[in-house]
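Residue-level listing of the chains:
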Amino acid sequence: MTMGEHHHHHHHHHAPAIDLDDHSMEDDDDDDTVVGTCLHCNAPPPPRSSSRGSGSSAFSGGGGGPCSASNSVMASSAATSPSAATRVQVSCDDCRSFICDGCHWCHEFQANHEIRVCDRCDAFYCRGCDEMDQCEDCSEVVCNTCSTLMSCKFCGCGLCEDCATACGRCGIVLCARDAKFAVECDTCRMSYCLVCLASGTKDPCVRCGHRPSKRVEQLVHLRLKSIYKAFKQSGASMGPGSGNGGGSGSNSGSS
């Protein structure tokens, strides 16, 4: 009987060992929070031991202040205690690549950073996992999961819904810089692109039903004239033939 008991005891004793094994595997997963080297300076990832203990303090120390301040603080602390030389400042939610806290990283100039943060859902992604769109006009950064920004018909830059000027008739989108290619309805401020206004001079506004005012018609005329002038000039500088025969020639041929 005692022998059976003893055997049972021995078996029981064996179980924690498996547990410990499991636990250490979990630890490994936990420690492997980042991969590769810093995307900005190629610094190696933090040593395994320090990444656990000091991870939380790294964030509170680094992320808090304005850029310049947090940078100098980091530089001095790294000099005094070499063990804390590399800490992870931000890492990609997908592939776990990272930027160390010795490098400059901030919310302001997202286009310069290898890892960006989405202004809508706060997800961090490196360029490889999600290039992220940035609105040209307000600089909002948006990941692909949250939204795809619209792009300006003329220069192709990204625009969020709030900044984009969309034509009420054909739906093309313009950025603030190219908004000169659109004119607003006098009554309700609905935007229309010059092409739609020129081709349907008497069409009523889709929102308020008013016909374009004399001011709008004049504005369209003046803007089209100045654009035409600019095109002619750029055409002339491009060399003989190319500017002249371009738009007008093909038009008269087809009609």
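Note that the structure is predicted; figures quoted are calculated from it, not measured.

## Focus on the pairing of strand β1 (residues 88-91)
In terms of strand pairing, β1 meets strand β2 (residues 98-100) through three bridges, oriented antiparallel. By the bridge assignment for β2, S91 is matched with F98. With antiparallel pairing between neighbouring strands as the criterion, β1 and β2 make up a hairpin whose turn holds six residues, including R96 at a positive phi of roughly 65°.

## Notes on the pattern of salt bridges
Two side chains of opposite charge can pair, provided their charged atoms sit close to one another. If you walk through the whole model with that rule in mind, you get eleven salt bridges. Linking K202 and E217 is a salt bridge whose minimum nitrogen-to-oxygen distance equals 3.0 Å. Separated by 15 residues along the polypeptide, K202 in the loop between α5 (194-199) and α6 (214-238) and E217 in helix α6 bring together distant segments of the chain.

## Focus: the packing of aromatic side chains
Applying the stated rule across the entire model yields two aromatic pairs. Each ring, one from W105 and one from F124, has its centre 5.9 Å from the other, and the planes form 45°; the classification is tilted. On the criterion of sequence distance, the pair formed by W105 in the loop between β2 and β3 (115-117) and F124 in strand β4 (residues 124-126) is long-range, its members being 19 residues apart. Looking at W105, the relative accessible area reads 10%, which means it is buried. On the numbers, 4.0 Å between centres and 20° between planes, the contact of F154 with F181 is stacked.

## Digging into empty space enclosed by the protein
Picture a little ball the size of a water molecule; that probe, rolled over the atoms, points out where space is still empty. Counted under the stated rule, the structure contains two cavities of 30 Å³ or more. Lining the largest cavity are 14 residues, and of these C185, Y192, L197, C205 and P212 sit closest to its centre. Taken together, the residues that form the lining of the largest cavity break down as eight nonpolar, one polar and five charged.

Basis of the calculations
Residues numbered from 1 in each chain as written. Predicted model: local features only at pLDDT ≥ 70, side-chain atom pairs only at ≥ 80, totals over all residues. Heavy atoms only, no water. Pairing = 2+ DSSP bridges. Helix = DSSP H or I, 4+ residues; strand = E, 2+ residues; numbered from the N terminus. Salt bridge = Lys/Arg side-chain N within 4 Å of Asp/Glu carboxyl O. Phe/Tyr/Trp six-rings, centres within 6.5 Å; stacked < 30°, edge-to-face > 60°. Buried < 20%, exposed > 50% of the residue type's maximum accessible area, 1.4 Å probe, protein only. 1 Å grid on protein atoms, 1.4 Å probe; cavity = no way out; pocket = protein on both sides within 12 Å on 5 of 7 lines; lining within 4 Å. Points joined across faces, edges and corners; volume = space filled by probe spheres on them. Nonpolar A, V, L, I, M, F, W, Y, C, P; charged D, E, K, R; others polar.

Just distances and angles here, no functional claims.
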